[in-house]
Amino acid sequence: MAQGDEERIINLDHGDPTMYENYWQKKGDETTIVIPGWQFMSYFSDATNLCWFLEPEFAKQIVRLHKVVGNAVTESRYIVVGTGSTQLYQAALYALSPNTDAEPISVVSAAPFYSSYPLITDCLKSGLYKWAGDARSFSKNGPYIELVTSPNNPDGFVRHSVVNRSEGILIHDLAYYWPQYTPISYPANYDLMLFTVSKSTGHAGMRIGWALVKDKEVAKKMTKYIEINTIGVSKDSQLRAAKVLKVISDSCEISNIEQDDSFFEFSYRLMAKRWKQLRQAVHQSGLFSVPDFPPQSCKFLRRVFEPQPAFAWLKCEGEIEDCESFLRGKKILTRGGKHFGFSPKYVRISMLDRDKNYDTFVERMSRIRS
């Protein structure tokens, strides 16, 4: 451990994907774009398109990347662009909620669920929808919306719907269904799928996400929500995102796949290294455990491997009841299980920080004894 690192606070609470910086630095100016001051001044990108603020080049690169990776069906889908998947989630709730019912529709997700779902759902105290907690204990009759996050945030497991009643409406959050995190075994083919640039490419600061929507009326209502909310989405961000997606697809074409060039090959190897480091540190300490995942075949990378999620769902074993507080005492900041509707013996740890921070973290974890 480098001098001074022993007392440094390591913050792995947030999923800020700074580990990707090295790859994009090596790419140099390949993703650089120049936008003259007179261009893209209008609100409108394509007035004939259902999502009229969606830049055509961004839509083109979204379709291309999904085709290259094979992780989602884009045929017969409407693309809705949003300021990150958070805005798209809000737009989906608005679009899917019945506006004739006397009471808000219930929104559920199986615990441990993404910690921001309850906050986002209830922040406006909407009369259209309300958070109703863990899908596994949901028993109320009538319509409901179930969020299916797969691979799941925080524990990394592949998820399917839990409630499975005829009046249910599903939103599939597929932010982590990319080959650096999990084997791509099939193209996702759901009615409403959410993706985000932040976890697929690492460009969280762009604040760009997209939804693949099967139903035209749902896509219209989602577009209307974003129109009311922000009058569209930044063209500058869309054009920059389009350039990044193009570079990724170019790097992943079969003839161009090289260890140092293919984005997903680079990201896969880095995640594999980090999970190996963490498992060794956990074993060395003896105070913690992390989930084991069954290996699966990835059609994109053409190899069999275990999922290596963007977050580690770490459990404090033995008599440690509040894992978040325990690790805070070791100057490691995490997000405790209670935020995910689960036991405080668990914490979520970001695997996506810069190399120096992550290496210091695993070294410190391996030395913790009590």
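Residues numbered from 1 in each chain as written. Predicted model: local features only at pLDDT ≥ 70, side-chain atom pairs only at ≥ 80, totals over all residues. Heavy atoms only, no water.

### Some thoughts on the sheet that holds strand β8 (residues 209–213)
At step 1: Judged by pairing direction, the sheet is mixed, and its 7 strands sit side by side in the order β2-β8-β7-β6-β5-β3-β4 without closing on themselves. Each end of this open sheet is capped by a strand with a single partner; those strands are β2 (78–82) and β4 (129–134). Taken pair by pair, the neighbouring strands of this sheet meet at an average axis angle of 25 degrees, ignoring direction.
At step 2: Direction of pairing for strand β5 (residues 144–149) relative to strand β6 (residues 168–173): parallel, over a ladder of 6 bridges. Across the sheet, residue Glu146 finds its bridge partner in β6, namely Leu170.
At step 3: Its contacts with the sheet place helix α6 (residues 216–230) against β2, β7 (192–196) and β8, and it is angled at close to 20 degrees to β2. (Pairing = 2+ DSSP bridges. Helix = DSSP H or I, 4+ residues; strand = E, 2+ residues; numbered from the N terminus. Axes fitted to C-alpha atoms, helices over the stretch in contact; angles between N-to-C directions. Contact = heavy atoms within 4.5 Å.)

### So, the layout of surface pockets
At step 1: Approximately 430 Å³ is the volume attributed to the largest pocket.
At step 2: A per-element tally of the lining of the largest pocket places helix α3 (residues 84–96) first, with 4 residues.
At step 3: In the lining of the largest pocket, the residues fall into 10 nonpolar, 10 polar and 6 charged.
At step 4: The two domains that each donate at least three residues to the lining of the largest pocket are domain 1 (10–24 + 259–366) and domain 2 (35–252).
At step 5: Estimates place the volume of the second largest pocket at around 270 Å³.
At step 6: Every residue lining the second largest pocket is counted, 17 residues in all, and those nearest its centre are Trp24, Gly202, His203, Met206 and Arg240.
At step 7: Contributing elements (two or more residues each) for the lining of the second largest pocket: α1 (21–26) and α7 (235–252).
At step 8: Taken together, the residues of the lining of the second largest pocket break down into 7 nonpolar, 7 polar and 3 charged.
At step 9: When residues of the lining of the second largest pocket are assigned to domains, at least three fall in each of domain 1 (10–24 + 259–366) and domain 2 (35–252). (1 Å grid on protein atoms, 1.4 Å probe; cavity = no way out; pocket = protein on both sides within 12 Å on 5 of 7 lines; lining within 4 Å. Points joined across faces, edges and corners; volume = space filled by probe spheres on them. Nonpolar A, V, L, I, M, F, W, Y, C, P; charged D, E, K, R; others polar. Domains from an automatic or database assignment.)

### Some remarks on the packing of α3 against α6
Each pair of packed helices can be summarised by the angle the axes make with each other and by the distance between the axes.
At step 1: Across the interface, α3 lies against α6 with an axial gap of 8 Å and an inter-helix angle of 125 degrees. Accordingly, the angle class assigned to the pair α3 and α6 is oblique. Where α3 crosses over α6, the two elements pack in a sense that is right-handed. Residue-level inspection shows Gln87, Leu88, Gln90, Ala91, Ala92, Tyr94, Ala95 and Leu96 of α3 in contact with α6, the latter providing Val218, Lys221, Met222, Tyr225, Ile226, Ile228, Asn229 and Thr230.
At step 2: Looking at side-chain class alone, the contact of α3 with α6 contains 11 nonpolar, 4 polar and 1 charged residues. (Parallel < 35°, antiparallel > 145°, perpendicular 65-115°, else oblique. Left-handed = near helix turned anticlockwise from the far one by under 90°.)

### Topic: the domain arrangement of the chain
At step 1: Considered domain by domain, the chain is made up of domain 1 (10–24 + 259–366) and domain 2 (35–252).
At step 2: For domain 1 versus domain 2, the separation of C-alpha centres amounts to 25 Å.
At step 3: Taken together, the contact between domain 1 and domain 2 spans 36 residues of the former and 34 residues of the latter.
At step 4: Counting the surface domain 1 buries against domain 2, the share from its top three residues, Trp24, Phe264 and Phe300, is 23%.
At step 5: Taken together, domain 1 and domain 2 are joined by 0 salt bridges.
At step 6: The tally of links from domain 1 across to domain 2 stands at 12 residue pairs in polar contact (both at pLDDT 80 or more).
At step 7: Only α1, α8 (263–285), β10 (296–298) and β12 (311–316) provide two or more residues apiece to the side of domain 1 that touches domain 2.
At step 8: Looking at the side of domain 1 that touches domain 2 element by element, the count peaks at 5 residues for α8.
At step 9: By residue class, the composition of the side of domain 1 that touches domain 2 is 22 nonpolar, 8 polar and 6 charged. (Buried area = accessible area lost by both parts, 1.4 Å probe. Salt bridge = Lys/Arg side-chain N within 4 Å of Asp/Glu carboxyl O. Polar contact = N/O pair within 3.5 Å; in protein donor to acceptor, adjacent residues only side chain to side chain.)

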